[in-house]
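Summary of structural features
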Amino acid sequence: MYLFCKSCLNSEIQVITRRHLLSNVGTNWQKRCLSCHAFRPLLVNNRKNAKNLMLYSIHKRNMFTAVRLLRSVLKIRYIIVGSAVGGGLQASRKYEEWKESLPKFEWIKDLVPDNGQMGAIMSNLMAMRDKLTAEDGLMSKLNANANQKIELLKQWIEEAKEQQQQRDQSSGDEKARIQRLQDELITVQLKYQKEIERLEKENRNLKKTVLLRGKQNNSVRKVKKSLIDLYSEVLDELSDYDSNYKTQDHLPRVIVVGDQSSGKTSVLEMIAGARIFPRGAGEMMTRSPVKVTLKEGPYHTARFKDSSREFDLTKQSELADLRREVEIRMKSCVKNGRTVSSDVIAMTVEGPGIQRMVLVDLPGIISTVTTEMAEDTRDAIKAITKTYMSNPNAIILCIQDGSVDAERSIVTDIVSQMDPNGKRTIFVLTKVDLAEQNMTNPSRLQKILDGKLFPMKALGYFAVVTGRGNRDDTIQAIKEYESQFFSNSKLCKTGILNGSQCTTQSLSLAVSECFWKMVKASVEQQADAFKATRFNLETEWKNSFPRLRELDRDELFEKAKGEILDEIVNLSQLSPVYWEEVISKKLWERVGFYVFEQIYLPAAQTSDSGTFNTQVDIRLKQWADQTLPNKSVDVGFQTLQEEFNRLIEKNKSLKEHDNIFDFLKISVAEESIKRHSWET
Ligand SMILES: Nc1nc2c(ncn2[C@@H]2O[C@H](COP(=O)(O)OP(=O)(O)OP(=O)(O)O)[C@@H](O)[C@H]2O)c(=O)[nH]1
Ligand SMILES: [Mg+2]
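A quick note: this is a predicted structure, and the numbers were derived from the prediction, not measured.

**Some remarks on the nonpolar core**
- Membership of the largest hydrophobic core comes to 45 residues, with the highest contact counts inside it found for Ile 276, Val 349, Leu 397 and Phe 515.
- With 7 residues, the top contributor of residues to this core is helix α16 (residues 504–544).
- When neighbours within four sequence positions are excluded, Leu 397 is seen to be in contact with Val 254, Ile 255, Val 256, Val 257, Val 267, Leu 359, Ile 426, Val 428, Leu 507 and Val 511.
- If you look at the next biggest cluster of nonpolar residues, it comprises 39 residues, including Met 373, Cys 398, Phe 454 and Ala 463.

**As for the coordination of the magnesium ion (ligand 2)**
- At this site the magnesium ion (ligand 2) is bound by Thr 265 (OG1) and Thr 286 (OG1), with donor distances of 2.0 to 2.1 Å. Residue Thr 265 is located in helix α8 (residues 264–272), and its partner Thr 286 is located in the loop between α8 and β4 (290–296); the two are separated by 21 residues in the primary sequence. By the burial criterion, Thr 265 is buried, and Thr 286 matches it.

**Considerations on the site of ligand 1**
- Taken together, 20 residues surround ligand 1, and among them Lys 264, Thr 265, Ser 266, Met 285 and Thr 466 come closest.
- Residue Ser 261 places a main-chain N or O atom 3.2 Å away from an oxygen atom belonging to ligand 1.
- Here an oxygen atom of ligand 1 sits 3.0 Å away from a polar atom, N or O, in the main chain of Gly 263.
- For ligand 1, the accessible surface in isolation is 650 Å², of which the surrounding protein chains cover 91%.
- Every element with two or more residues in the shell around ligand 1 is listed here: α8 and α12 (432–438).
- Sorting elements by how many residues they give to the shell around ligand 1 places α8 first, with 3 residues.
- The residue inventory of the shell around ligand 1, partitioned by class, reads 4 nonpolar, 11 polar and 5 charged.

**Examining the pairing of strand β8 (residues 357–361)**
- Burial runs high along β8: 5 of the 5 residues are buried.
- Side-chain alternation along β8 places Met 357, Leu 359 and Asp 361 on one buried face and Val 358 and Val 360 on a second face that is also buried.
- Looking at chain direction, strand β3 (residues 254–258) and β8 are connected through 3 bridges and run parallel. Paired with Val 256 across the strands is Asp 361, a residue of β8.

**Considerations on a nonpolar patch on the surface**
- A surface patch of nonpolar side chains, amounting to about 490 Å² of accessible area, comprises Met 118, Ile 121, Met 122, Leu 125 and Met 128.
- Note on placement: Ile 121 falls in helix α5 (residues 115–134).
- Relative accessible area serves as the criterion here: at 43%, Ile 121 is assigned to the partly exposed category.

**Remarks on the pairing of strand β9 (residues 395–401)**
- Burial analysis of β9 places 7 of its 7 residues in the buried class, which makes it a mostly covered element.
- Neither face of β9 is exposed, since Ile 395, Leu 397, Ile 399 and Asp 401 on one face and Ile 396, Cys 398 and Gln 400 on the opposite face are all buried.
- In the sheet, β9 pairs with strand β10 (residues 425–430) via 6 bridges, with the strands oriented parallel. When the bridges of β10 are listed, Leu 397 appears paired with Ile 426.
- Handedness of the crossover joining β9 and β10 through helix α11 (residues 411–418) is recorded here as right-handed.

**Thoughts on the sheet that holds strand β6 (residues 311–312)**
- Reading across the sheet, the 9 strands line up as β6-β5-β7-β4-β8-β3-β9-β10-β11 and stay open at both edges, with mixed pairing between neighbours. Bordering the open sheet on either side are β6 and β11 (460–463), each of which pairs with just one other strand.
- Sheet topology places strand β5 (residues 301–304) next to strand β7 (residues 345–351); 4 bridges connect them, and they run antiparallel. Its bridge partner lying in β7, Ala 302 is registered against Val 349.
- Across the sheet, α11 is in contact with β3, β9 and β10; its angle to β9 comes to roughly 160°.

**Notes on unusual backbone geometry**
- With phi around 55°, Lys 431 is a residue other than glycine that occupies positive phi space.
- Within the chain, Thr 503 stands out as a residue other than glycine whose phi angle is a positive 75°.

**Observations regarding the pattern of salt bridges**
- Applying the stated criterion across every chain, the model contains 25 salt bridges.
- Among the ionic pairs, Glu 296 bridges to Arg 356, the shortest N-O distance being 2.9 Å. A residue pair is termed long-range when its members are at least 10 positions apart, and Glu 296 in strand β4 and Arg 356 in the loop between β7 and β8 qualify at 60 residues.
- With a relative accessible area of 22%, Glu 296 lands in the partly exposed category.
- Glu 563 is the partner of Lys 559 in a salt bridge, and the nearest nitrogen-oxygen pair spans 4.0 Å. With Lys 559 and Glu 563 both in helix α17 (residues 553–572) and 4 residues apart, the pair spans about one turn of that helix.
- You can call Glu 563 partly exposed: its relative accessible area is 24%.
- Sharing partners across several salt bridges, the network here consists of Lys 559, Glu 563, Glu 567 and Lys 665.

**Some remarks on the packing of aromatic side chains**
- The full count for this structure, using the stated rule, is 10 aromatic pairs.
- Judged by centre distance (6.2 Å) and plane angle (25°), the ring pair of Tyr 594 and Trp 623 falls under stacked. Residue Tyr 594 is found in helix α18 (residues 576–603), and its partner Trp 623 is found in helix α19 (residues 609–626); the two are separated by 29 residues along the sequence.
- On the basis of relative accessible area, Trp 623 is assigned to the buried category, the value being 10%.
- Taking 5.8 Å as the distance between ring centres and 40° as the angle between the ring planes, the aromatic pair formed by Phe 596 and Tyr 600 counts as tilted. Taken as a pair, Phe 596 and Tyr 600 lie in helix α18 at a separation of 4 residues, close to a single helical turn.
- The class of Phe 596 is partly exposed, set by a relative accessible area of 47%.
- Among the aromatic residues, those joined into a cluster by ring pairs are Trp 588, Phe 596, Tyr 600 and Phe 612.

What counts, and at which threshold
Residues numbered from 1 in each chain as written. Chains lettered and ligands numbered in written order. Predicted model: local features only at pLDDT ≥ 70, side-chain atom pairs only at ≥ 80, totals over all residues. Heavy atoms only, no water. Core = buried A, V, L, I, M, F, W, Y, C linked by side-chain atoms within 4.5 Å. Buried < 20%, exposed > 50% of the residue type's maximum accessible area, 1.4 Å probe, protein only. Helix = DSSP H or I, 4+ residues; strand = E, 2+ residues; numbered from the N terminus. Contact = heavy atoms within 4.5 Å. Donors = N, O, S within 2.8 Å, 3.2 Å for Na, K, Ca; no water. Near = heavy atom within 4 Å. Polar contact = N/O pair within 3.5 Å; in protein donor to acceptor, adjacent residues only side chain to side chain. Areas by Shrake-Rupley, 256 points an atom, 1.4 Å probe, with all protein chains shown as cover. Nonpolar A, V, L, I, M, F, W, Y, C, P; charged D, E, K, R; others polar. Pairing = 2+ DSSP bridges. Patch = residues over 30% accessible without salt bridge, like charges linked within 9 Å, V, L, I, M, F, W, Y side chains within 5 Å. Salt bridge = Lys/Arg side-chain N within 4 Å of Asp/Glu carboxyl O. Right-handed = clockwise from strand over helix to strand, strands pointing away. Axes fitted to C-alpha atoms, helices over the stretch in contact; angles between N-to-C directions. Phe/Tyr/Trp six-rings, centres within 6.5 Å; stacked < 30°, edge-to-face > 60°.

Set out below in structure tokens:
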């Protein structure tokens, strides 16, 4: 607020704003003047005065502004003039200081010629030039020489240019040649690329045609293909599911049985088309059952059931890896001092032309247990073999070594026991090549293959060659050896061997056919049996537990658990008074007799009541300290069990009770008591 008294306002130039004036109209003006600080009536006291004063102040303000401007301009001029004079003085002072700080160059005068001397040097130089030009021939000689040099330089440059051009040209030729070659190469590549593509396409089409033909020609085979996977999975599933669940033992498989080293594994390898098992000679090679699921597929591969690695059987290195893996697995099966094991190694082999079936290779039957073997080895092998053969739907591939005397065979006896009518046995005579070499009596061989020599019957008799005794032979080499042998064999030529009975190929086809016949028959039979069993079980359930819906294993387990927990809750609901009552009663039953017999009666022998009391006190104290605590704990524990059983019995008598869990509850109670131990 800028308010002044009149005298101050006249003496000073003040600006009173319109806002100040208007905002103060009608107020009390007895305030202090801002200039002289005296309490006086101030300038404005009504609206009219305010307006006048405002106009007056605006008029005055314009005038004051002009005066102020003029004053400012004058002030600037003084500043400029002042600063110019001051600055000049300051600059000259600085220059003098700078000059003083420079080093002294007086000495240089002695070295640099002065103006007179410079003029003399210049005139001397001019005179020399004139003299040189005047001298006869010197300049022209210099000129000629220089021109010559220039010519030479020009020539050299020209030559260099030419050479460069030539080089450019020849490199152009080279480039063109390289370009041409590259073009040719690309053309050849393209040509061959096209050729490769054409061949690949042709190959694909051929494969397709083959597969389609396979599908068209034999729709049953397609069914079989998917079936074999399904079938093998069912076998695995059942064997994993429950070892007591014997159904899988009734599903067909081809079991390879025979005496040790008769050639069982070799037969399997020939059927699988690859040498997939560890080899050796004269020693027991197969030490645990190996289940091989064979199936047809575009690539020849093998895979263990529990591993994702696929072994390419066309590569020798992978075959070797596979053999090593089989060996490791077999060794891990026969730990703990055992020589053989019943643990199964499961694998799948697929490849073009492989017959679909499930084969199980077994350890060979032995007659003598050597010192290197576990004592029970012979019996263990027999037991494993018999278990597999006892499956009524197993096809027995009975392998007999043709190079040893028939009288030494052990397996044929066992086979005739398990399949007396030969309804599921196929007889295979191996090592026919060796048999022919050692043969003294060919008619004996004929007798074997006619099924007349061994005391066993079979569906078919086959003669094969599945090895050459050489551990590093490839399967291809063995196959060639086999076909060469049979085409040259005297046995075939003389009619001792019938062509349809020879080669592993014929054997494989026959076994596969037999296997699928068996599968078809047994699966239908099994399906019917399952249906019948299921029906019986459902009926039994309904009759036995009419109030309970059918429950599966897991549901049953959960329900039983719930019921047992309920019984425990019931037990905890018994009142302390009740517990006191039953425990006291039980305790008295247990100790009452003892107390009378051992404490009171002996003390009663005395006629003195004082002595009686003393003796009773002493004996009771001793008994209470030493025997009673343990007795009480025993009695308490026993009472607990009895009460639990009583509750179970009580529930049994209820009308809606199902006895399905009664045995389980009792077993749980017994097991809990058995496992119970008191905290020490
Ligand atoms: N010459 C010849 N040797 C064969 C023939 N078949 C198998 N062998 C050889 O006989 C030996 C034993 O063959 P395996 O297939 O291991 O016999 P195995 O019955 O499986 O033996 P174990 O599993 O130990 O009971 C190997 O050295 C084979 O090369 C054959 O037809 N001719
Ligand atoms: Mg073997």
